[in-house]
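Analysis of the macromolecular model
Listed below are the residues making up each chain.
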Amino acid sequence: RASQSPSFPPGCLCTVSALAYGMICFRKGNTRRSQLMMRARVLAQGFTFAALLGGMVASAVKSRQ
């Protein structure tokens, strides 16, 4: 849930934004910018995944208390 991991929704938004902008750049023929956006997408996905795992760990710790 978003309340357990507040950085998860912005991480998803950043991932989708980088992907969309990268695809737009690719379509326009700007391959350098497209490649940069695909790298940014991977970083955003990593951040989102870390936020998801952090939320799961926090939830597990909270339920044990």
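Just so you know, the residues in each chain are numbered from 1, in the order the chain's sequence is written. Reporting of local features is limited, given that this is a predicted model, to residues whose pLDDT is at least 70; pairs of side-chain atoms are given and counted only at 80 or more, and all residues count toward the totals for whole chains, interfaces and linings. Side-chain measures were taken over the full set of non-hydrogen atoms in the model, leaving aside hydrogen atoms and water.

Looking at an unreviewed UniProt entry, the protein chain carries the name HIG2A protein, with the source organism given as Ptilorrhoa leucosticta.

Comments concerning the overall build of the protein chain
Our working rule: The secondary structure listing takes helices from DSSP runs of H or I that are at least 4 residues long and strands from runs of E that are at least 2 residues long, numbered from the N terminus. Radius of gyration here uses only the C-alpha atoms, and the compact-globule reference equals 2.2 Å multiplied by the residue count raised to the power 0.38. The contact criterion used throughout is that any non-hydrogen atoms of two residues lie within 4.5 Å.
Secondary structure summary: the protein chain contains two helices and zero strands in total. The C-alpha radius of gyration of the protein chain comes to 15 Å, more than 25% above the 11 Å expected for a compact globule of 65 residues. Summarising its shape, the C-alpha atoms of the protein chain cover approximately 55 × 15 × 10 Å along the three principal directions. Considering only residue pairs separated by 6 or more positions, the protein chain has 54% of its internal contacts joining residues 24 or more positions apart.

Looking at the packing of helix α1 (residues 8–28) against helix α2 (residues 31–64)
For clarity, the threshold we go by: Where helices are involved, their axes are fitted lines through C-alpha atoms of the stretch in contact, as for all axes, and angles between N-to-C directions lie from 0 to 180°. Each angle gets one of four labels, with under 35 degrees taken as roughly parallel, over 145 as roughly antiparallel, 65 to 115 as roughly perpendicular, and the rest as oblique. Should the near helix be turned anticlockwise from the far one by less than a right angle, the crossing is termed left-handed; should it be turned clockwise, right-handed. When residues are grouped by polarity, Ala, Val, Leu, Ile, Met, Phe, Trp, Tyr, Cys and Pro land in nonpolar, Asp, Glu, Lys and Arg in charged, and all others, Gly among them, in polar.
The N-to-C vectors of α1 and α2 enclose an angle of 165°; their axes lie 8 Å apart at closest approach. Here α1 lies roughly antiparallel to α2, going by the angle between them. Once α1 is placed against α2, the crossing between them reads as left-handed. Taken together, the residues of α2 that come into contact with α1 (itself represented by Phe-8, Gly-11, Cys-12, Cys-14, Thr-15, Ala-18, Leu-19, Tyr-21, Gly-22, Met-23, Cys-25 and Phe-26) are Arg-33, Ser-34, Met-37, Met-38, Ala-40, Arg-41, Ala-44, Gln-45, Phe-47, Thr-48, Ala-51 and Leu-52. Taken together, the residues of the contact of α1 with α2 break down into 16 nonpolar, six polar and two charged.

Observations concerning α2
We apply this condition: To estimate the expected span of a helix, count its residues, drop one, and scale the result by 1.5 Å. Exposure classes here rest on a 1.4 Å probe applied to the protein chains alone. A residue is buried below 20% of its type maximum, exposed above 50%, and partly exposed in between.
With 34 residues, α2 should cover 50 Å at 1.5 Å per step; its first-to-last C-alpha distance of 50 Å lies within 8% of that length. Within α2, burial applies to Ser-34, Met-37, Met-38, Ala-44, Thr-48, Ala-51 and Gly-55. Packed against the buried residues of α2 are α1.

Considerations on the environment of Leu-53
Among the secondary structure elements, Leu-53 is positioned in helix α2. Taking the relative accessible area as the measure of exposure, Leu-53 reaches 38% and is therefore partly exposed. The spatial distance from the C-alpha of Leu-53 to the C-alpha of Phe-8 is 9.7 Å, given a sequence separation of 45 residues.

Quick look at the UniProt feature "transmembrane region" (unreviewed entry) in the protein chain
Note the threshold: UniProt positions are given in the numbering used here, feature names are shortened, and annotations may be inferred rather than shown by experiment.
Following the UniProt record, the feature "transmembrane region" (unreviewed entry) maps to residues 6–26 and 38–61 here. Helix makes up 90% of residues 6–26 and strand makes up 0%, while its end C-alpha atoms are separated by 32 Å. With 100% helix and 0% strand, residues 38–61 has end C-alpha atoms that lie 35 Å from one another.

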